[in-house]
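In case you want the letters, here they are:
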Amino acid sequence: MILDGLPASTPLTKGHGTENDFVIVPDPDGTLEVSPAAVAALCDRRAGIGADGVLRVVRTAKVPGYEDQAAEAEFFMDYRNADGSVAEMCGNGVRVFALFVTARGYVKGGALGEPVEFAVGTRGGIKRVTLKATGKNTADVTVDMGVPVFPTERGAVTVDVKGTPKVAVDVDMGNPHAVVFVDSTADAGPLYEMPTVLPAGIYAEGVNVEFAADVAPHHLAMRVHERGVGETRSCGTGACAVMIAAARRDGAQAGTDYTVDVLGGRLRFVERADGHLEMTGPAALVFDIMESR
């Protein structure tokens, strides 16, 4: 496997959060040049390890432009989509990242079942996590995802649903989302390609599109097409966007619990009185690759 910029001795780990899977590249001192080609090679499901994205673990002080986060967050989640493009945030990724840095000793973890709290630096701002280990390589993780934003500058956005444009909810969770409510998640179709979002080019750097269907009161199911990846088994920030769009639609009060089912599992949410959205879900480390490649 040819990985431009990665020494053959670089240890790698595979992990997932509700089956949104990642290759984790430890680079605490920021010495590696992780090129888009290397990311794409790692994420290739036939010729590489296979993943929806790459999480580079680097000390925040070593990340140009984000050094100011270092006072609160020792480590920074440098997230790349499967096509090698850089993304602002990844909700499932930050849970997996939190598990990796505690399980591998970069951050001091607690005993089994004992909560440990710390902060993670991201391009979408500092994310505070509470992690409870459920095993050597598994955990339940709650993440303060911050305050959702409903941008107004784009105006009306529509998403094509079976040939009919439907109005979407524009939500920013540190990365952009267009949420469309449908009768069934099957209405999304095969999602082999990016859904049609109008007006064309309205999202200059692309958008994640979520198709959300009600299961029960305060309980939804979703499918998602992630920019730079395609359909994934889960998207944490996308599930956040679905939850908050549904809560606003429902007129729900702060403190109301919501559940969002994704193809890879289930995530739980609550909007706090201060407007911050908390997401809780599982994380797992699957295997390490230590030998030279």
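Please refer to the structure placed before this passage.
Residues numbered from 1 in each chain as written. Predicted model: local features only at pLDDT ≥ 70, side-chain atom pairs only at ≥ 80, totals over all residues. Heavy atoms only, no water.

Re the pairing of strand 11 (residues 176–181)
- Here strand 11 lies mainly inside the structure; 6 of its 6 residues are buried.
- Residues Pro176, Ala178 and Val180 of strand 11 are buried on one face, and the alternating residues His177, Val179 and Phe181, pointing to the opposite face, are buried as well.
- As judged from the 4 bridges shared by strand 10 (residues 169–172) and strand 11, these two strands associate in the antiparallel manner. Its bridge partner being in strand 11, aspartate 172 is matched across the sheet by proline 176.
- In this antiparallel pair of consecutive strands, strand 10 and strand 11, the connection spans 3 residues, and glycine 174 shows a positive phi of 95°.
- In the sheet, strand 11 pairs with strand 13 (residues 208–216) via 5 bridges, with the strands oriented parallel. (Buried < 20%, exposed > 50% of the residue type's maximum accessible area, 1.4 Å probe, protein only. Helix = DSSP H or I, 4+ residues; strand = E, 2+ residues; numbered from the N terminus. Pairing = 2+ DSSP bridges.)

What about the packing of aromatic side chains?
- Within the structure shown, the criterion is met by 4 aromatic pairs.
- Where phenylalanine 22 meets tyrosine 79, the ring centres are 6.0 Å apart and the plane angle is 75°; that geometry is what we call edge-to-face. Taken as a pair, phenylalanine 22 in strand 2 (residues 20–26) and tyrosine 79 in strand 4 (residues 75–81) lie far apart in primary sequence, 57 residues in all.
- On the accessibility criterion, phenylalanine 22 (0% relative accessible area) is buried.
- Take tyrosine 79: its relative accessible area is 2%, and that puts it in the buried class. (Phe/Tyr/Trp six-rings, centres within 6.5 Å; stacked < 30°, edge-to-face > 60°.)

A word on the environment of arginine 59
- Secondary-structure assignment places arginine 59 in strand 3 (residues 53–59).
- Sequence separation of arginine 59 and valine 86 is 27 residues, and the distance between their C-alpha atoms is 17 Å.
- Leaving out residues up to four positions away in the same chain, arginine 59 has contacts with Asp27, Pro28, Asp29, Glu74 and Phe75.
- Reaching out from arginine 59, the side chain makes a polar contact with the side chain of aspartate 29 at a distance of 3.1 Å. (Contact = heavy atoms within 4.5 Å. Polar contact = N/O pair within 3.5 Å; in protein donor to acceptor, adjacent residues only side chain to side chain.)

Concerning the sheet that holds strand 12 (residues 197–198)
- With antiparallel pairing, the 3 strands of this open sheet are ordered in space as 9-8-12. The sheet is open, and its two borders are formed by strand 9 (164–167) and strand 12, each paired with just one other strand.
- Pairing geometry for strand 8 (residues 158–161) and strand 9, over 4 bridges, is antiparallel. Opposite aspartate 160, over in strand 9, you have proline 165 as the bridge partner.

A closer look at unusual backbone geometry
- The omega angle of the peptide bond from leucine 198 to proline 199 is 0°, so this bond is cis rather than trans.
- Relative to the elements of secondary structure, proline 199 occurs in the loop between strand 12 and strand 13.
- Residues other than glycine seldom take positive phi values, yet lysine 162 does so here, at roughly 55°.
- Accessibility expressed as a relative area gives 65% for lysine 162, which makes it exposed.
- Positive phi values are uncommon outside glycine, yet histidine 218 reaches one of about 65°.
- Within the element layout of this structure, histidine 218 appears in the loop between strand 13 and strand 14 (219–226).

Side note on the pattern of salt bridges
- Throughout the structure, instances matching the rule amount to 23 salt bridges.
- The residue arginine 249 makes a salt bridge to aspartate 214 at a minimum N-O spacing of 2.8 Å. With arginine 249 in helix 3 (residues 236–250) and aspartate 214 in strand 13, this pair connects stretches of sequence that are 35 residues apart.
- Looking at arginine 249, the relative accessible area reads 38%, which means it is partly exposed.
- Each of Asp27, Arg56, Asp78, Arg80 and Arg123 takes part in salt bridges that share partners, so that together they form one network. (Salt bridge = Lys/Arg side-chain N within 4 Å of Asp/Glu carboxyl O.)

Overview of the environment of aspartate 29
- Structurally, aspartate 29 can be placed in the loop between strand 2 and helix 1 (36–43).
- Between the C-alpha atom of aspartate 29 and that of alanine 61, which follows or precedes it by 32 residues, the distance is 8.9 Å.
- Discounting chain neighbours no more than four positions away, the residues touching aspartate 29 are Arg59 and Lys62.

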